[in-house]
Amino acid sequence: MAFKRLSLEAYIQGVLSSDISILGRAISLVESTKPSDQTLAQALIEAILPNTGASFRIGITGVPGVGKSTFIEHFGLYLLQQQKKIAVLAIDPSSSISKGSILGDKTRMETLATQNNVFIRPSASGASLGGISYKTYEAMLLCEAAGFDTILIETVGVGQSETEVAQICDFFLLLMLSGAGDELQGIKRGIMEMADALVLSKADSGNLEKAKIAAAEYARALHFLPHHPSGWQAPTMYCSAYENLGFDKIFETLNSYETHTKQNGYFAQKRKDQQKASFHRLLQQYLQQLFLNKEGIHEKIKDLESKIEQGSLSPYAALQLLF
C-alpha cells in the first residue's frame, strides 16, 4: 500500500529541520517515476537548493568482496569521533530478471545505523549502469539540506561503467585487495585514473605485509598515469576495519585534498561540473520518458520486437521505423 504524500511545505520543513523520517520519504519521492511525484520532487529540490553544497561528498567504490560496507561502517564511526554528521547513500544492484534489489546495506552497518547524527539510505541502481542510481545526486542534495556535512556514496562495485559516481562526488576513493590477481587488469586503469586515493583494505595483522607491498606497487603504477587535472597526486594507503588501522591517515588525506583543491579553484569548478552532469542525466531521462509516453508508442515497440524476433527486421531498421 502506497503511503500518503505530504504537502510540499511539509517536505521542505521536515528536511530542513533534519527530520530523518521525512528525509527518507523525500528521497522516496524523488526516486518515484510517477509524473505527479516528479512534479512535487522538482519543486522540493528547487526549494532546498539554497541550503545545499556545504558537505564533503565522498564516492567509495571497489571490486566485489573488497568490503565496502564494512569499510564505511568503521570509517563512519571514526568520522563521528571527529564530530561529523554522516549520510550514507548505498546503491544496491537491481536484478535484470526480477528488477528487485536486496537493499541490505543498512543491515551490514548495524553499529553505525544505531548512532546519532547518522542517516543510511539504501537505494536500487535500477537501469543505471554507472554504479549509482539515477537520483543519487538529488538524494545527496536532500541530505545536505538536512544538515549532513559528510556524504558517503557506496557504489554497486567496479565494472565497465563504474564512472558516474566520480561525476557527483568531491573525492573518489578506490578500495582494492592485495593479491587480487590479473583478473582486475581489464578495469584497473580506467578506474585508477579517476581515483583521488587508493586504499588496500583488509590489511589485518596476517595480511599487513602483503597490503604494504601492494600499496607500494600501486603507488609506482599511479606515476605512469596522466596527471590529475587538480594537480593532486593520488596516494596509496592501507587499512583494517577490524583493527581500526589506517583511518586517521585516510581522514588526513581527505582534509589535505579539500584544502588543496579549494585553494587552486578545482573544488569549485568540479561542483559546477557536477551540476552540468546532473542536468545531462535529467535531460536524457526526460527525453526518454517524453518519447515513451507518446500515444501508441508501446504497441509500436512490441510490433517491432515481434518482427525482430521473427528475423524479418533488423534492430537498426526497426529503430529507423520507430522514429
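Cut-offs and rules
Residues numbered from 1 in each chain as written. Predicted model: local features only at pLDDT ≥ 70, side-chain atom pairs only at ≥ 80, totals over all residues. Heavy atoms only, no water. Helix = DSSP H or I, 4+ residues; strand = E, 2+ residues; numbered from the N terminus. Buried < 20%, exposed > 50% of the residue type's maximum accessible area, 1.4 Å probe, protein only. Contact = heavy atoms within 4.5 Å. Areas by Shrake-Rupley, 256 points an atom, 1.4 Å probe, with all protein chains shown as cover. Axes fitted to C-alpha atoms, helices over the stretch in contact; angles between N-to-C directions. Parallel < 35°, antiparallel > 145°, perpendicular 65-115°, else oblique. Left-handed = near helix turned anticlockwise from the far one by under 90°. Nonpolar A, V, L, I, M, F, W, Y, C, P; charged D, E, K, R; others polar. Core = buried A, V, L, I, M, F, W, Y, C linked by side-chain atoms within 4.5 Å. Phe/Tyr/Trp six-rings, centres within 6.5 Å; stacked < 30°, edge-to-face > 60°. Lys NZ or Arg CZ within 6 Å of the ring centre and 35° of its normal.

Draft legend 1. Inspection of the overall build of the protein at higher detail. Counting its regular elements, the protein contains 13 helices and seven strands. Counting across all 323 residues of the protein, residues that qualify as buried make up 46%. For the protein, contacts bridging at least 24 residues in sequence account for 74% of all contacts bridging at least 6. Split by element, the accessible area of the protein, about 16700 Å² in all, is 54% carbon and sulfur.

Draft legend 2. Fine view of the packing of helix 2 (residues 20-31) against helix 7 (residues 136-145). In the contact formed by helix 2 and helix 7, the axes pass within 9 Å of each other and the chain directions differ by 155°. As judged from the angle between their axes, helix 2 and helix 7 are roughly antiparallel. For the pair helix 2 and helix 7, the sense of crossing is right-handed. When helix 2 is examined against helix 7, the residues Leu23, Ala26, Ile27 and Val30 are found in contact with a partner set consisting of Glu138, Ala139, Leu142 and Cys143. Looking at the contact of helix 2 with helix 7 residue by residue, the classes come out as seven nonpolar, no polar and one charged.

Draft legend 3. Spatial organisation of the nonpolar core. If you look at the biggest cluster of nonpolar residues, it comprises 82 residues, and the most contacted ones within it are Phe71, Phe75, Leu142 and Cys143. It is helix 7 that contributes the most residues to this core, seven residues altogether. When near neighbours in sequence (up to four residues on either side) are disregarded, Leu142 contacts Val15, Leu23, Ala26, Ile27, Val30, Leu44, Ile45 and Ile48. Residues Leu304, Leu313, Ala318 and Leu322 belong to the second largest nonpolar core, which totals five residues.

Draft legend 4. Quick peek at the packing of aromatic side chains. Enumeration over the complete set of coordinates arrives at 11 aromatic pairs. Residues Phe56 and Phe267 carry aromatic rings whose centres are separated by 6.3 Å and whose planes lie at 10° to one another, so their mutual orientation is stacked. Residue Phe56 is found in strand 1 (residues 56-62), and its partner Phe267 is found in helix 11 (residues 266-292); the two are separated by 211 residues along the sequence. Judged by its relative accessible area of 7%, Phe56 is buried. Among the aromatic residues, those joined into a cluster by ring pairs are Phe56, Phe171, Trp232, Tyr257 and Phe267. Positioned above the aromatic ring of Phe148, the side-chain terminus of Lys85 is 4.9 Å from the ring centre. Here the basic side chain of Lys262 rests over the ring of Phe267, its NZ or CZ set 4.9 Å away from the ring centre.

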